[in-house]
Amino acid sequence: MRLPRLTFGRSAIALASLLALIALLFAMRIWRDTRPQPSPDFASVRERYRSSEAQLLDRNGVLLQAQRLDLSRRRLGWVALDEISPALIDTLIKAEDRRFASHAGVDALAIAGAMRDRLLDRAYRGASTLQMQLVAQLDPALAASARRRGLLQKLRQMRAARSLARSWSRDEVLEAYLNQVSFRGETQGIAAASAQLFGKPASALNLAESRTLVALLPAPGAKAEAVARRSCAIGSLRGDDCDAQRALTFAALARPPAIALERSLAPHLARRLLREPGERLRSTLDARVQQLSLQALQNQLHSLVGERVRDGAAVVVDNASGDVLAYVGSAGPGSRAAQVDGARALRQAGSTLKPFLYGLAIEKGWLTAASLLDDSPVALAAGAGLYRPQNYEHDYQGLVSVRTALAGSLNIPAVRTLVLTGTEAFRERLHALGYVDGLTESGEFYGYSLALGSAEVSLLEQANAYRTLANGGRWSALRYRLDEETAPPRQAMSAQAAFIIRDILADRGARAVTFDLEGPLSTSYRAWVKTGTSKNLRDNWCIGGSARYTVAVWVGNFEGEPMRTVSGITGAAPAWREILDALETLAASPREPETPPPGLVHQRVRYAGALEPEREEWFTEGTQTALVAPAPGLAARARIVSPAAGSFIALDPDIPLPRQHLPLRAEPASADLSLRLDGRVVGNAARPRLWTPLPGPHRLDLVDAQGRVLDSVNFSVRTPN
């Protein structure tokens, strides 16, 4: 049997109103017995607020990157009331608290009306004021549970709201409420809601968008139909106006929950440095330098699409302070692994380690910038086989100076220099220059290929090692945060060797043996630079700088896929040049002339037979010469043929040691030349000298009558296990 719908006359309404009033008076009596709730002050609430994002700022406070760290909720930064649309504020007050301007935290008329409507079984609206809703946001004990609030809890909420209204201004209430209130899903605060639903800041919200947002407040998880219906009711909309409002609400709620308002210039460094939600970390980066470096690299990668190049990274360092001014971990629009941090990734160094090899030989006095090296085919013993280095262009220059060999990036002279210095000594020098992350094996492990960059290094290590050249051989750690303290610099290589190497890398004339006189490496100001390409065209580097800055650029593919026909000139160099040109333009102070350190001699040098043009050359004091000429006669072609350079001789445990002999032999045989083992002459080179091997490392020199070393090999003798 269906019951008839009840109707209420005036007497029933009056009775319901009387009962509501009695209930309210009873509640007021209980009110007096509840303990007062302490009211937090506005400043402390704002101070405790934490965005779910952490922000990476540049050195001047400019936002570079926002990184979400709190995954339990989505908040953006606190928004001041004057940065929130007036349309939203007006809509909020009309829909949620019409007497907000006149009540004292609790709206007695609204409470009585709500109680009356409940008694009469009518649809009713909530009676909570904005202050009451805010205290529930601030104190979880006052928030509604799944079963709604109990009477005592409701009264405590009302008392806390009264206390809040006495100590807070109404503007403070509105500002805190809109920053704390939950909207849809995990979204909290008007900044996040406005960004997520409408892709704009809270200041730009219009009236229709404001209705949609306010319609979410009573039930943030409601279906789109219910929210759309409420958004029309808030504005008392009918007909076409309501249809437009409904369409806007449905469209907003159908958008994927993505927020993309914040700048994204340095995601890789942000992931490295940011730790706490709400953190605002001021880095050493400069937003202008970061932006121009990113743009230059993107431009270059776009031009290399046809060469199968997808990825790139760039680092800019201030030479004096070690501050990292730009950190571009990935810039390729077509990257398949954009999350890889190309600034820290370990890649084969290619020819970029050669400057430090020659620097070691010059520092030790074994070579000068004017010394001649043989750029001709060579085969060196390596393990069970032979190592045959080749130049990039597969041609040979014959006798060339160290200046020409380094500036032109010739491979064979570099390998011959490594034979002179020894692989372990070179590895130790690289360690001193900060190459530690990938260079974990001994010099013996890398062998002669270390001269050509077989070791793995990072772009950050490269930038700091080349910065060491600019700083006269003094190495110190890079800085990424303005509040970061670093240890004092230490001398990693001599100031004299660093100056000479820098001078060679700035010499476009010496570079012409391999590179054009013009091109991306040739700047209108003094700059020093080195390129490098790893085996099979997997990595391409360009590193160098000016007196102020060091710029390091890498291009390739993070997955290791080879590029097509990319070289140092066509790959990383154009981006390097564009970045350095822009930096020099931005620099406020004029360039100062470079001052050579004490202990250097600058004099004119001439080459016999016009092997190279006469020129002014730098020498470390005591190594200078006015004439450079190949050794005369047979000695010019003399070399050690046994043992092979870098070889390891194993003693046979079944043969008595006195019966084991190693031939020490040079070609061509000559009584005018001598064989010197570990500093002691063992005889002339007219015939092979048999030597009983002693365990350990050894060095064999071939010297002429004047004591000049014509050839040298390092080898080791091992005892059986």
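Worth saying up front: this structure is predicted, and the values here are computed from it rather than measured.

Now for the state of the cysteines. Using the criterion set out here, one finds 1 disulfide in the structure. The disulfide partner of cysteine 232 is cysteine 242, and the S-S distance across this bridge is 2.2 Å. Disulfide cysteine 232-cysteine 242: the torsion about the S-S bond is 105°, which places it as right-handed. Pair noted here: cysteine 232 is in helix α10 (residues 224-234) and cysteine 242 is in helix α11 (residues 239-254), with a separation of 10 residues, a long-range link.

Within helix α5 (residues 130-138), 7 of the 9 residues are buried, which leaves the element mostly enclosed by the surrounding structure. Buried residues of α5: Leu130, Gln131, Met132, Gln133, Leu134, Val135 and Ala136, and no others.

With that settled, consider helix α7 (residues 170-180). In terms of residue burial, α7 counts as a mostly covered element, since 8 of its 11 residues are buried. Among the residues of α7, Val173, Leu174, Glu175, Ala176, Tyr177, Leu178, Asn179 and Gln180 are the ones counted as buried.

Grouped together as the largest cluster of nonpolar side chains are 133 residues, with contacts concentrated most on Tyr435 and Val553. Membership of the second largest hydrophobic core comes to 44 residues, among which are Val181, Ala192, Leu213 and Ala252.

The next thing to look at is the pairing of strand β27 (residues 709-718). Sheet topology note: the strand β21 (residues 648-650)/β27 ladder contains 3 bridges and is parallel. When the bridges of β27 are listed, isoleucine 649 appears paired with valine 717. With 8 bridges connecting them, strand β26 (residues 696-703) and β27 associate as antiparallel partners. Across the sheet, glycine 696 pairs through a bridge with valine 717, a residue of β27. In textbook terms, the turn of a hairpin is the stretch between consecutive antiparallel strands, and for β26 and β27 this stretch comprises 5 residues, one of which, glycine 707, has a positive phi near 85°.

Right, let's talk about the sheet that holds strand β17 (residues 600-607) for a bit. Strand order in the open sheet formed by 3 strands is β18-β17-β19, and the pairing between neighbours is mixed. Where the open sheet ends on each side, the last strands, each with one partner, are β18 (615-620) and β19 (627-628). Here β17 runs beside β19; their pairing, made up of 2 bridges, is parallel. Following the sheet pairing, tyrosine 607 is matched in β19 by valine 628.

The next point concerns the packing of aromatic side chains. To describe a pair of aromatic rings, you give the distance between the ring centres and the angle between the ring planes. Throughout the structure, instances matching the rule amount to 11 aromatic pairs. Plain terms: the ring middles of phenylalanine 42 and tryptophan 168 are 5.5 Å apart, the flat faces sit at 90° to each other, and that makes the pair edge-to-face. Taken as a pair, phenylalanine 42 in helix α2 (residues 42-48) and tryptophan 168 in the loop between α6 (151-167) and α7 lie far apart in primary sequence, 126 residues in all. Comparing phenylalanine 42 with tryptophan 168, the two get one shared label, buried. Centroid distance phenylalanine 499 to tryptophan 618: 4.9 Å. Interplanar angle 80°. Geometry classified as edge-to-face.

If you walk through the whole model with that rule in mind, you get 39 salt bridges. Among the salt bridges present, the one from arginine 347 reaches aspartate 539, with a minimum N-O distance of 2.6 Å. Taken together, the positions of arginine 347 in strand β6 (residues 347-348) and aspartate 539 in strand β15 (residues 539-545) put the pair 192 residues apart, joining distant regions of the chain. Comparing arginine 347 with aspartate 539 shows no difference in burial state: the two are buried.

Rules of the game
Residues numbered from 1 in each chain as written. Predicted model: local features only at pLDDT ≥ 70, side-chain atom pairs only at ≥ 80, totals over all residues. Heavy atoms only, no water. Disulfide = S-S within 2.5 Å. Helix = DSSP H or I, 4+ residues; strand = E, 2+ residues; numbered from the N terminus. Buried < 20%, exposed > 50% of the residue type's maximum accessible area, 1.4 Å probe, protein only. Core = buried A, V, L, I, M, F, W, Y, C linked by side-chain atoms within 4.5 Å. Pairing = 2+ DSSP bridges. Phe/Tyr/Trp six-rings, centres within 6.5 Å; stacked < 30°, edge-to-face > 60°. Salt bridge = Lys/Arg side-chain N within 4 Å of Asp/Glu carboxyl O.

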